[in-house]
Amino acid sequence: MTLPASALAAALLRLASTETPLQSDAILDIASLFPTFELRVVASVLVTVAVVAVWRLGARLHDKEVEAVSMPVWHLSVTVLRLVVVAGGGAFVFAVWSLSGDIGTISAQYDLNRQTFVGIALSAAFVVGAYVLTSVLGRFIGEIASTRPEISDHQREIIYRIAQVTTYLATLAVILGIWRADLGGFLVGAGFLGIVVGMAARQTLGALIAGFVIMFSRPFEIGDWVEVGDHEGIVTEITVVNTRIQTFDGEFVMIPNDVVSSESLVNRSRKGRLRLDIEVGVDYDTDVDRAAEVAQAAVEDLDEVLSVPKPQVVAKRFGDSAVVLGVRPWIDRPSARRWWRARTATISAVSEAFDEEGITIPFPQRALSERNPSGPIPLTDQPDEVSPEADGGVESGEGGDGDASSGSGEADR
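Quick caveat, the model's predicted, so the values are computed rather than measured. (Residues numbered from 1 in each chain as written. Predicted model: local features only at pLDDT ≥ 70, side-chain atom pairs only at ≥ 80, totals over all residues. Heavy atoms only, no water.)

A. Up close: the overall build of the chain. In terms of regular secondary structure, the chain is built from 13 helices and 10 strands. When burial is assessed residue by residue, the chain has 28% of its 413 residues classed as buried. In the chain, once contacts between residues fewer than 6 apart in sequence are set aside, the share between residues at least 24 apart is 65%. Roughly 27200 Å² of accessible area belongs to the chain as shown, and the carbon and sulfur atoms make up 59% of that amount. (Helix = DSSP H or I, 4+ residues; strand = E, 2+ residues; numbered from the N terminus. Buried < 20%, exposed > 50% of the residue type's maximum accessible area, 1.4 Å probe, protein only. Contact = heavy atoms within 4.5 Å. Areas by Shrake-Rupley, 256 points an atom, 1.4 Å probe, with all protein chains shown as cover.)

B. Representation of the pattern of salt bridges. Overall, the coordinates contain 13 salt bridges when judged by the stated rule. In this structure, Glu-221 engages Arg-218 in a salt bridge whose closest nitrogen and oxygen atoms are separated by 2.1 Å. Through salt bridges with shared partners, one network takes in Asp-277, Glu-279, Lys-316, Arg-317 and Arg-328. (Salt bridge = Lys/Arg side-chain N within 4 Å of Asp/Glu carboxyl O.)

C. Main features of the nonpolar core. By size, the foremost hydrophobic cluster in this structure holds 26 residues, and its most contacted members are Val-282, Val-327 and Phe-354. When contributions to this core are tallied by element, the ones reaching two or more residues are strand 7 (278–282), helix 11 (288–300), strand 9 (323–328) and helix 12 (336–357). Beyond its immediate sequence surroundings of up to four residues, Val-282 is in contact with Ala-291, Ala-322, Val-323, Leu-325, Phe-354, Ile-359, Thr-360 and Pro-362. Ile-158, Ile-214, Phe-220 and Val-235 belong to the second-largest nonpolar core, a separate cluster that totals 13 residues. (Core = buried A, V, L, I, M, F, W, Y, C linked by side-chain atoms within 4.5 Å.)

D. Up close: a nonpolar patch on the surface. Side chains of Ile-162, Val-165, Leu-169, Leu-193, Val-197, Leu-205, Leu-208, Phe-212, Phe-216 and Val-241 sit close together on the surface and give an oily, nonpolar patch of about 830 Å² of accessible area. Considering each element in turn, the nonpolar patch owes the most residues, four residues, to helix 9 (residues 202–217). Among the secondary structure elements, Phe-212 is positioned in helix 9. (Patch = residues over 30% accessible without salt bridge, like charges linked within 9 Å, V, L, I, M, F, W, Y side chains within 5 Å.)

E. Layout of the sheet that holds strand 7. Ordered in space as 7-9-8, the three strands form an open sheet in which the pairing is antiparallel. Each edge of the sheet is formed by a strand with only one pairing partner; in this case those strands are strand 7 and strand 8 (312–318). Going across the sheet, the axis of each strand differs from the next one's by a mean of 30°, ignoring polarity. Sheet topology places strand 8 next to strand 9; six bridges connect them, and they run antiparallel. (Pairing = 2+ DSSP bridges. Axes fitted to C-alpha atoms, helices over the stretch in contact; angles between N-to-C directions.)

F. Region of interest: the pairing of strand 4 (residues 252–256). Side chains of strand 4 alternate between two faces, with Val-253 and Ile-255 buried and Phe-252, Met-254 and Pro-256 left unburied. Bridge count for strand 3 (residues 242–247) against strand 4 is five bridges, and the pairing is antiparallel. Its bridge partner being in strand 4, Arg-244 is matched across the sheet by Met-254. What sits between strand 3 and strand 4 in their antiparallel hairpin is a turn of four residues, with Gly-250 showing a positive phi close to 85°.

G. Spatial organisation of helix 12. Here helix 12 is 22 residues long and its end C-alpha atoms lie 32 Å apart, about the 32 Å a rise of 1.5 Å per residue gives. Every buried residue of helix 12 is listed here: Ala-336, Ala-342, Ala-345, Thr-346, Ala-349, Val-350, Ala-353 and Phe-354. Contacts made by the buried residues of helix 12 are with strand 1 (225–228), strand 7, helix 11, strand 9 and strand 10 (330–332). Directly after helix 12, the chain includes Gly-358, whose backbone phi takes a positive value near 75°. (Expected span 1.5 Å × (residues − 1).)

In structure tokens, the structure reads:
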């Protein structure tokens, strides 16, 4: 890649270094229209504003649908128009300032030659072209992926990121060739710089590497219902640095890719269907097989669950107050809304069926007994019964006290 880039740069610089007399009266007329510094500044500002306006208008035109032209051709035409406007505006500003002698003054002051200005202009042109090209590639890849159902959103994102990185690397190689940079020394310096940056930004680089691993291993795709650590929601975007999910509370959570790769990951949408596991307890005196049949028949008639695979009801364990049954229906196209609807419908159907069949869902309860039971164990201390005699004694005592009081009163009198 470096040899063609160097050859192209050398050819462009040789062409720029060739002295050709200016024989076009049009260029001279353009320079004569702006004789003063203030007029050149005003003209440059107006041209820049016009170029920016056309650029933004082109961005809006990309989204416009034209029936007579296919979308790829329309996008390409709009992109070419934007590039032509940018190139024309830049050439106009350069011509105004170069023919006025201002650029010559600056070049003499800072010892800059014509090749330096040409190199700067070519570098800027390649940078802008790379940016526009990545935008065009993104739209083309999106258009092609929309017509090919076998290409998923995840695969489209991977293709676009690879094309983007390749375009920028090729642009960097061409720019280095324009400036005749020593690629060997550049690579050695980049190696040392990479070590320093790697030590300073280990977490960011780890997230970047983990992002590429996630893109190629594909543990989940955009639109999947996932649970990453303590976060659960729908994947909305996958980048090379982080993964963004929307929780069921409407919150957007951005998780670094190195955290995604190190945490436990649950993908509930991977297989296209999901099984619910709902526990219900029945009394120990109940026929467990009969209760399981009633629960399964109640769930099979629901519209919110799948008939194939059939719902299952299994005995799971002995609880403190009941035999615990597990009701296991299936749903397709898993989502939080469908999961909650199926769960609510299953609980309501099983509860109604048990009520109709007289099957009891017991409350939590405790039974206390001794090793040698001799009767129920009292939970509270019973108060001793008070005999009537004791009550009478108390009353007579109170009466005696009253008599004594009256006697003492008489004595006082």
